[in-house]
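Close look at the chain arrangement
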Amino acid sequence: MGRTSINWGVLGAAEIAREHTIPAILAAENSRAYALASRRGVPGERVEHFGFETGYGDYDALLADPVVDAVYLPLPNDLHAEWAIKAARAGKHVLCEKPAALNAGQTAEAIAACAATGVLYMEAMMYQFHAQHARVRELIADGAIGEVRGVHVNFTFNLEKSLSDFRHGTLETGGGSLYDLGCYCIHVIRSLLGEPDRVATVARFAGPQHAEMSAAVVLGYDNGAKAGFDCGMDATARHAYEVYGTAGTIRVNKAFVPQADGDGPIEIVDAEGHTTTEHVTSFQYPNGVAHFADCVLNTRVPDYTPESVLANMRVLDACIESVTTSRIVELENH
């Protein structure tokens, strides 16, 4: 009888790990919370508090542990590619927190390192594992809003007072709202419209490190489709998207942030303005962890493929290039 679970190692106890991914590992039936590493040291009681069986005070020591099958990397953005490559060379499957890296070049290197050693790689874009998004695609395929003409996305929250947070860093170190939030918005748009042909971005910079606090982006398509998003760390919490077509609109009102009840309300507005609401219950983080573990156990490529991860980063690169050059950036779609 084959194995039914994998052994997880987690490099660092960042907020995203503590609040979402570690609980998801504990909840997923095919996952075992085996090892936690922290450069500050991991006392035994902290290991037990988070539900792990063992702890390390060094990332490399965790990677050297032969019991670990896969690692989750919730490190600061500028360390993602480095430790993904180290994990791959240690023979560990890699679930890397978003963004995958600082640019498409680094992302390609991390993906290539995983391919060379025969381990799986996936960016932890966990929102997509909430069932509401599959329902949106189903509604579109069934013609609920006619032919799709465009998508609008927003994702904001207020981080202005937390100046010590690494997200207040410069673009060169992976700080800013585009890296933290824009990557989600790009992924939604790509999942519904495909790869854009051009990008234009404006942004607001503020704070002691001149961080990119908010941005607004327009994505153009040669086929006439239109998309746009705004993201920001300087406004009230908003996380929704809207898909509109020739015969109606679909609005997803809890698009990205996990909810305690797992509920995603979807509004379908027809051409006459009549609104129907559907509630889809799902738990994106346990679903995402379980999906990756299943791929490891059954040696199959994750639904969020490395190629799609790289394509997402290429669009993010174009957004940042547009910010820094104040120009429309054309994309070469591969």
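All of the points below concern the structure found in this document. Everything numeric here is computed off the predicted structure, so don't read it as measured data. (Residues numbered from 1 in each chain as written. Predicted model: local features only at pLDDT ≥ 70, side-chain atom pairs only at ≥ 80, totals over all residues. Heavy atoms only, no water.)

With that settled, consider the sheet that holds strand 2 (residues 31–37). Where strands meet in a sheet, backbone hydrogen bonds hold them as pairs that are either parallel or antiparallel. Pairing in this open sheet of six strands is parallel, and the strands run 3-2-1-4-5-6 from one edge to the other. Whereas interior strands pair on both sides, the edge strands pair on one side only; in this sheet they are strand 3 (54–56) and strand 6 (121–124). For this sheet, the mean angle separating the axes of adjacent strands, direction not counted, is 25°. In this structure, strand 4 (residues 70–73) lies alongside strand 5 (residues 93–97), joined through four bridges in parallel fashion. Bridged to Ala70 within strand 5 is His93. Across the face of the sheet, helix 8 (residues 284–298) comes into contact with strand 1 (6–11), strand 2, strand 4, strand 5 and strand 6 while running at roughly 125° to strand 1. (Pairing = 2+ DSSP bridges. Helix = DSSP H or I, 4+ residues; strand = E, 2+ residues; numbered from the N terminus. Axes fitted to C-alpha atoms, helices over the stretch in contact; angles between N-to-C directions. Contact = heavy atoms within 4.5 Å.)

This part covers the nonpolar core. Judged by nonpolar contacts, the single largest core of 107 residues is most densely connected at Tyr121, Leu178 and Phe229. Ranked by residue count, the leading element in this core is helix 7 (residues 177–193), at 11 residues. Sequence-distant contacts of Tyr121, that is, excluding residues within four places in its chain, are made with Ala84, Val94, Cys96, Ala100, Ala110, Ile111, Cys114, Phe292, Pro302, Pro306 and Val309. Listed in part, the five residues of the second largest apolar core include Leu159, Ala206, Met213 and Met233. (Core = buried A, V, L, I, M, F, W, Y, C linked by side-chain atoms within 4.5 Å. Buried < 20%, exposed > 50% of the residue type's maximum accessible area, 1.4 Å probe, protein only.)

Right, let's talk about the environment of Met233 for a bit. Structurally, the position occupied by Met233 is in the loop between strand 10 (226–232) and strand 11 (234–245). When its relative accessible area of 0% is taken as the criterion, Met233 is described as buried. Those residues in contact with Met233, other than ones at most four positions away along the chain, are Phe157, Asn158, Leu159, Glu160, Arg167, Gly176, Ser177, Glu212 and Met213.

Helix length check: helix 1 (residues 15–27) (13 residues) gives 18 Å between terminal C-alpha atoms against 18 Å at 1.5 Å per residue, within 8%. What helix 1 keeps buried is the set Ala17, Thr21, Ile22, Ala24 and Ile25. (Expected span 1.5 Å × (residues − 1).)

Residue placement: Asn7 occurs in strand 1. The buried category is assigned to Asn7, whose relative accessible area is 8%. Reaching out from Asn7, the side chain makes a polar contact with the backbone oxygen of Val67 at a distance of 3.1 Å. Once residues lying within four places of it in the same chain are set aside, the contact partners of Asn7 are Arg32, Tyr34, Val67, Val68, Asp69 and Ala70. (Polar contact = N/O pair within 3.5 Å; in protein donor to acceptor, adjacent residues only side chain to side chain.)

As a further point, take the pairing of strand 10. Burial analysis of strand 10 places five of its seven residues in the buried class, which makes it a mostly covered element. Here strand 9 (residues 211–220) runs beside strand 10; their pairing, made up of seven bridges, is antiparallel. Bridge pairing links Ser214 to Gly232 in strand 10. Here strand 9 hands over to strand 10 after five residues, with Gly224 in that stretch at a positive phi of 95°.

Glancing now at the packing of aromatic side chains. Geometrically, a pair of aromatic rings is defined through the distance of the ring centres and the angle of the planes. Tallying each qualifying case throughout the model produces seven aromatic pairs. Centre to centre, the rings of Tyr59 and Trp83 are 5.2 Å apart; their planes meet at 90°, and the pair counts as edge-to-face. Highlighted residues: Tyr59 in helix 3 (residues 59–64) and Trp83 in helix 4 (residues 80–89), separated in sequence by 24 residues. Residue classification places Tyr59 among the buried positions, given a relative accessible area of 8%. With a centroid separation of 4.6 Å and an interplanar angle of 20°, the aromatic rings of Phe155 and Phe256 are classed as stacked. With Phe155 in strand 7 (residues 148–158) and Phe256 in the loop between strand 12 (248–252) and strand 13 (263–270), this pair connects stretches of sequence that are 101 residues apart. Each member of the pair, Phe155 as well as Phe256, is classed as buried. An aromatic cluster is present here, built from Tyr127, Phe155, Tyr184 and Phe256 joined pairwise through their rings. (Phe/Tyr/Trp six-rings, centres within 6.5 Å; stacked < 30°, edge-to-face > 60°.)

As a further point, take the sheet that holds strand 8 (residues 198–206). Taking strand neighbours across the sheet as the criterion, the nine strands line up as 14-13-12-11-7-10-9-8-15 in an open arrangement whose pairing is mixed. Since the sheet does not close on itself, it has two edges, and those belong to strand 14 (275–281) and strand 15 (329–330), each with one partner. Note: strand 11 against strand 12, four bridges, orientation antiparallel. Its bridge partner being in strand 12, Tyr241 is matched across the sheet by Val252. Lying over the sheet, helix 7 contacts strand 7, strand 8, strand 9, strand 10 and strand 11, oriented at roughly 160° with respect to strand 10.

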